[in-house]
Amino acid sequence: MIQMVGVSKLYQNGVAALHDINIHIEKGEFVFLIGQSGAGKTTFIRLLFREELPSTGQIMVGGRSIIRLNRKEIAILRRNIGVVFQDFRLLPNLNVYENVAFAMRVTECAKNDISRRVPEVLDLVGLGHKSGSMPAQLSGGEQQRVAIARAIVNKPMVVIADEPTGNLDPETSWDLMRLLNEINKTGTTVLVATHARDIVDVMRKRVLALENGRMMRDDTGGGYDENKNNGLLL
Ligand SMILES: Nc1ncnc2c1ncn2[C@@H]1O[C@H](COP(=O)(O)OP(=O)(O)OP(=O)(O)O)[C@@H](O)[C@H]1O
């Protein structure tokens, strides 16, 4: 589903954000990406949906190289990858329904499909009753769930979340992780960049650990710290 071969990223200011990354994520996996602030997690994510290009190396998504794509192909890639940002990035002047519908409109979906699918995903994230609310009227956890609804509305192959619990209290963070786990159980590949040590330790998923732009660890069923093995399965 996702493959990086020899990927490095040197930003124009000379910062080497990623160095010789080689990873392979299969369809249907749930993967945590961990690492200290500045380790390269966001850069890793931005490369996957073509917000940045690597300086060297090859990136494949869904069996295709994403390095040389035209605008139309980039749009198709982004339809296949739902991204959830830490700061939600909802459109403030649109209500919950319209925020989610917007993601379908930009991919030129038929009106009928939009009016059928949007209520379906809002129910899935537990926000069916808030579809007329504006983002500013929602709690942080609710806004984040709208962001998830928007990320999954086009039935992407992959959902990527960049520190989705960064602004949430512990209980709401767990609700959100359970939701991502449910999405994963439907066959969607899920990649979550996080600092949430307790969540990583309990969920026991595959853990990729970045340190100064290098992939230092790739553990199946791993914890936040190396060799920590006292978690419970969710
Ligand atoms: N657009 C950019 N231009 C130049 N340098 C950048 C850019 N974006 C990130 N960097 C640098 O690249 C390195 C990796 O940053 P990145 O945002 O990928 O880390 P991160 O692991 O996501 O950190 P955090 O947990 O704080 O979000 C850092 O040194 C950062 O300063």
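Residues numbered from 1 in each chain as written. Predicted model: local features only at pLDDT ≥ 70, side-chain atom pairs only at ≥ 80, totals over all residues.

1. Looking at the sheet that holds strand S1 (residues 2-10)
The strand order across the open sheet built from 4 strands is S2-S1-S4-S5, with neighbouring strands paired in antiparallel fashion. Both outer strands of the open sheet, strand S2 (16-25) and strand S5 (64-65), are each paired with one neighbouring strand and no more. Along the sheet face, helix H1 (residues 41-48) touches S1, S2 and strand S4 (56-61) and points at about 120° away from the line of S1. (Pairing = 2+ DSSP bridges. Helix = DSSP H or I, 4+ residues; strand = E, 2+ residues; numbered from the N terminus. Contact = placed C-beta atoms within 7 Å. Axes fitted to C-alpha atoms, helices over the stretch in contact; angles between N-to-C directions.)

2. Some details on the nonpolar core
Counting 64 residues, the largest nonpolar core has Leu-33, Val-100, Ala-149, Val-159 and Ile-160 as the members making the most contacts within it. The residues contacting Ile-160, other than those within four sequence positions of it, are Ile-45, Leu-48, Ile-81, Val-83 and Leu-191. (Core = buried A, V, L, I, M, F, W, Y, C linked by C-beta atoms within 7 Å. Buried ≥ 20, exposed ≤ 12 C-beta atoms within 10 Å, placed from the backbone.)

3. Some remarks on the sheet that holds strand S9 (residues 206-211)
The sheet built from 6 strands is open, its strands ordered S6-S7-S8-S3-S9-S10 with mixed pairing. Looking at the sheet topology across the chains shown, the edges are occupied by strand S6 (81-84) and strand S10 (214-219). Each neighbouring strand pair of the sheet contributes to a mean axis angle of 15°, computed without reference to strand direction. Helix-sheet contacts for helix H5 (residues 140-152) involve S6 and strand S7 (158-162), and the interaxial angle to S6 is about 170°. Taken strand by strand, helix H6 (residues 170-185) contacts strand S3 (30-34), S7 and strand S8 (189-193), and its axis lies near 155° from that of S8.

4. Some words on unusual backbone geometry
Positioned with a positive phi, Arg-50 is a non-glycine residue whose angle comes to about 65°. Position of Arg-50 among the secondary structure elements: in the loop between H1 and S4. Residue classification places Arg-50 among the partly exposed positions, given that 18 C-beta atoms sit within 10 Å. You will see that Glu-108, though not glycine, has its phi angle at about 60°, which is positive. Looking at where Glu-108 falls in the secondary structure, it is placed in the loop between helix H3 (96-105) and helix H4 (111-124).

5. Considering H5
Spanning 13 residues, H5 covers 19 Å between terminal C-alpha atoms, matching the ideal 18 Å at 1.5 Å per step. In terms of residue burial, H5 counts as a mostly covered element, since 10 of its 13 residues are buried. All buried positions along H5 are accounted for by Gln-143, Gln-144, Arg-145, Val-146, Ala-147, Ile-148, Ala-149, Arg-150, Ala-151 and Ile-152. Where the residues of H5 are buried, they touch S6, H3, H4, S7 and H6. (Expected span 1.5 Å × (residues − 1).)

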